[in-house]
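Geometric and topological summary
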Amino acid sequence: MAGQQTSHTEQSNAQLVVAITARALFHLEDGHQLFEAQGIEAYSKFQRDRENELLNPGIAFPLVEKLLALNVGAPNEKPRVEVILLSRNSSDTGLRIFNSIEHFGLKITRAVFTSGAEVYPYIKPFGAHLFLSANPDSVRSALEHG
């Protein structure tokens, strides 16, 4: 049916939106183990004390770099890929994450910090097509909630 076909121009302007958790983007396992063992207060202090220390790339970091590299082109062109950060950190403990994002030159401009709450409720409102997480429970929750 002609009315349902998408033109080549529309397809080339389509944008892939990828939601990624902080633990998939950066190696945060030391802090996560501290959180599991000693709780949120110890974890928060750990992250705040290290806010100027850069995080090492996590398991999905190379994929994110490659996806964002697809945006290289004309300066006025709409990005082909947008990566959105979904984090269970709070905004104050997330400063270290944003410092690392800036250091590595990742073009991530939208994020949500849930202060410990699940991140899956934000996947649909951000229009994400793909969800990347290092936590199998987060992936399961996202799948269970559509």
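What this report covers is the structure whose coordinates are included nearby. (Residues numbered from 1 in each chain as written. Predicted model: local features only at pLDDT ≥ 70, side-chain atom pairs only at ≥ 80, totals over all residues. Heavy atoms only, no water.)

Turning our eyes to something else, we now look at the sheet that holds strand β3 (residues 110–113). A sheet is described by the order of its strands in space; here four strands give the open sequence β3-β2-β1-β4, paired in parallel fashion. Edge positions in the open sheet fall to β3 and β4 (130–132), since each of these has one partner strand only. Ignoring strand direction, the axes of neighbouring strands in this sheet form an average angle of 20°. Direction of pairing for strand β1 (residues 16–21) relative to β4: parallel, over a ladder of three bridges. Looking at β4, one finds that Ala19 is bridged to Phe131. (Pairing = 2+ DSSP bridges. Helix = DSSP H or I, 4+ residues; strand = E, 2+ residues; numbered from the N terminus. Axes fitted to C-alpha atoms, helices over the stretch in contact; angles between N-to-C directions.)

Despite not being glycine, Ser115 shows a phi value in the positive range, around 55°. For Ser115, the position within the fold is in the loop between β3 and β4. Looking at Ser115, the relative accessible area reads 56%, which means it is exposed. (Buried < 20%, exposed > 50% of the residue type's maximum accessible area, 1.4 Å probe, protein only.)

With that out of the way, let us pick up the side chain of Asn89. Within the fold, Asn89 resides in the loop between β2 (81–87) and α6 (95–103). Engagement of the side chain of Asn89 in a polar contact is seen with the side chain of Tyr43, the distance being 2.6 Å. Within the structure, the side chain of Asn89 is placed 2.9 Å from the side chain of Ser87, a separation counted as a polar contact. When sequence neighbours within four positions are dropped, the list of residues in contact with Asn89 reads Ala22, Tyr43, Gly94, Ile97, Phe113, Thr114 and Ser115. (Polar contact = N/O pair within 3.5 Å; in protein donor to acceptor, adjacent residues only side chain to side chain. Contact = heavy atoms within 4.5 Å.)

Turning next to α6. Within the sequence span of α6, burial applies to Arg96, Ile97, Ser100 and Ile101. Taken down its axis, α6 places every buried residue within 140° of arc, on the same side. Backbone geometry just downstream of α6 places Gly105 in the positive-phi region, at approximately 70°. (Arc of directions from axis to C-beta.)

Two aromatic rings are characterised by how far apart their centres lie and by the angle between their planes. All chains considered together, the criterion is met by five aromatic pairs. Seen from their ring centres, Phe35 and Tyr43 are 6.1 Å apart, and the 80° between their planes marks the pair as edge-to-face. Residue Tyr43 is classed as buried on the basis of its relative accessible area, which comes to 9%. Put simply, the rings of Phe26, Phe61 and Phe104 pair up and form one aromatic cluster. (Phe/Tyr/Trp six-rings, centres within 6.5 Å; stacked < 30°, edge-to-face > 60°.)

On to the pairing of β3. Within a regular strand, the side chains alternate between the two sheet faces. Two elements, β2 and β3, share four bridges in a ladder whose sense is parallel. When the sheet's bridge partners are listed, Leu85 is paired in β3 with Ala111.

As for its placement among the helices and strands, Glu82 is situated in strand β2. Glu82 sits in the buried class, given a relative accessible area of 15%. Apart from the residues lying within four places of it in its own chain, the contact partners of Glu82 are Gln15, Leu16, Val17, Val18, Thr109 and Arg110.

These values are about where atoms sit, not about what they do.
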